[in-house]
Amino acid sequence: MLKRHGARTAWVWIGLLTGCAGPRAPQFATVPPTRPGPAPATVTAPTVRLPPPAVSDTWVSLHKWAADHALPPPRILSTNPVTCEWSVGSDLWRLRAATTAAEWNGLEIRLGHAPEWRDDQLWLHALDLAKHIEALRQPVRLRLSNPPRVVIDPGHGGSNTGARSVLDGRWEKEFTLDWGLRLAALLSAQGWDVILTRKTDTDVSLSQRVALAEKVGADLFVSLHFNSVNGTNHTGGLETYCLTPVGLPSTLTRGYDDTVTVVHPNNAHDTANLQLAVRLHRALLEETGLPDRGVRRARFMTVLQGQDRPAVLLEGGYLSHPEDARQIANPQFRQRLAEAVARALLSLAADSNP
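Criteria and thresholds
- As a convention, each chain's residues are numbered from 1 in the sequence order in which they are written.
- For a predicted model such as this one, the threshold for reporting local features is a pLDDT of at least 70, and the threshold for listing and counting side-chain atom pairs is 80 or more; totals across whole chains, interfaces and linings nevertheless cover every residue.
- Hydrogens and waters are ignored; side-chain quantities use all the structure's heavy atoms.
- Think of it in three bands: residues with accessible area under 20% of the maximum for their type are buried, residues over 50% are exposed, and the middle band is partly exposed, with areas taken using a 1.4 Å probe on protein chains only.
- A run of DSSP states H or I qualifies as a helix once it reaches four residues; a run of E qualifies as a strand once it reaches two. Both are numbered from the N-terminal end.
- One requirement defines pairing of two strands: DSSP has to find at least two bridges between them.
- Working convention: axes come from line fits to C-alpha atoms, limited for helices to the stretch in contact. Angles between N-to-C directions cover 0 to 180 degrees.
- Roughly parallel means an angle under 35 degrees; roughly antiparallel, over 145; roughly perpendicular, 65 to 115; everything else is oblique.
- Two helices that cross are described as forming a left-handed crossing if the nearer one is turned anticlockwise from the farther one by less than a right angle, and a right-handed crossing if clockwise.
- By the convention used here, residues are in contact when the closest approach between their heavy atoms is within 4.5 Å.
- pLDDT measures the predictor's confidence residue by residue and takes values from 0 up to 100.

Peer 1: How do you make sense of the pairing of strand β11 (residues 220–227) when you look at a structure like this?
Peer 2: Strand residues, when the strand is regular, have side chains that alternate between the two faces of the sheet. The buried fraction of β11 is high, at eight of eight residues. Judged by which residues are buried, β11 turns out to be covered on both faces: Leu-220, Val-222, Leu-224 and Phe-226 on one side and Phe-221, Ser-223, His-225 and Asn-227 on the other are all buried. Pairing between strand β9 (residues 149–154) and β11: five bridges, direction parallel. What sits directly across from Ile-152, in β11, is Val-222. As judged from the six bridges shared by β11 and strand β14 (residues 311–318), these two strands associate in the parallel manner. Bridge pairing in β14 places Asn-227 opposite Tyr-318.

Structural data, given as structure tokens:
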């Protein structure tokens, strides 16, 4: 469970060379959750120490960047507020000055810095260009075993209950475990090697979850959660998190330190993290029809920090939102969540191993 940070804003568009939606895999037959087994044994998480990097404070004119990359210039749609669009092929970005909320091919993505309007041009921070714009131009090439090995992490468990549903008082830990068991069954049926951080109502520490993925040599790590905020007068929807790149501020901090020079092991996978996040996020949106609250960045999440593999954390709706909570309580909805994630992972594997 994570809290929403920042306000939704208007957009400015920029188009890129490659998309990430990918082909949809065949529809799944409903597969019941697998029989719960014992919780994983305690293992020691790896420690990686890297020197702090120099952090860029460079801003780049999008008109110049477009010219340097043989792309058409961004088209200014409005100057109050500043809004422009830029398309290349079938890809389209939207950006707006003074807000970090951006849109890529219809999908919300939070930048580290809000674009700036100077000298009748829109300027973007160099790290946002590198870690968002450039990253999504690259083809998806995840390094996957044969068969692919994924750790599915149902959030919370045991005394760590997570959020409570406003609908019926049930706990997040119950819903994440059910989602995880369903997803594991679907992927296993497709020949994947699936490891669950927990298969029962057991409290597994965050460091154990990271260390388990290291012990089994996982290719990917996917953590499953449901969101909540105080009160019920708010919008619901889906959010997906990956680790904040070095040098950029996070979308969400929850009061934790957000030193931008800190290097975590998972930062070695910044591009793959974002590619994994946008693919899973789009699949969940298409399957559920819930509002898009964006692909976001966080630095404090322990289950992401220490991963030496692409890793994301999914928020499958708000237990504090009455309509979201009603859907989350429905087993058929949780099956659809599982099918969406499985379909996206199968598509990623096909794209990574053409």
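Peer 1: How should the packing of helix α5 (residues 270–288) against helix α8 (residues 331–352) be read in this particular structure?
Peer 2: To characterise two packed helices, one gives the angle between the axes of the helices and the distance between these axes. Axis separation between α5 and α8 bottoms out at 9 Å; the angle between their running directions is 140°. By the criterion of interaxial angle, the relationship of α5 to α8 is oblique. In this structure, the crossing between α5 and α8 has a hand that is right-handed. In contact with Leu-276, Arg-279, Leu-280, Ala-283, Leu-284, Glu-287 and Thr-288 of α5, α8 contributes Phe-333, Arg-336, Leu-337, Ala-340, Val-341, Arg-343, Ala-344, Leu-345, Ser-347, Leu-348 and Asp-351.

Peer 1: Just to check I follow, could you spell out the environment of Gly-294 for this structure?
Peer 2: Tracing the sequence through the fold places Gly-294 in strand β13 (residues 292–298). When residues no more than four places from it in sequence are discounted, the contact partners of Gly-294 are Glu-108, Leu-238, Glu-239, Thr-240 and His-281.

Peer 1: So what exactly am I meant to see when it comes to the confidence of the model for the protein here?
Peer 2: Where the model shows low pLDDT, its predicted coordinates should not be examined in detail. Predicted confidence across the protein gives a mean pLDDT of 87, with 83% of residues reaching 70 or more. Counting interchain partners and residues more than four positions distant, the pLDDT-below-50 stretch residues 2–26 has 119 contacts. In this model residues 34–50 is a low-confidence stretch, pLDDT under 50, and it forms 26 contacts with partners more than four residues away in sequence or in other chains.

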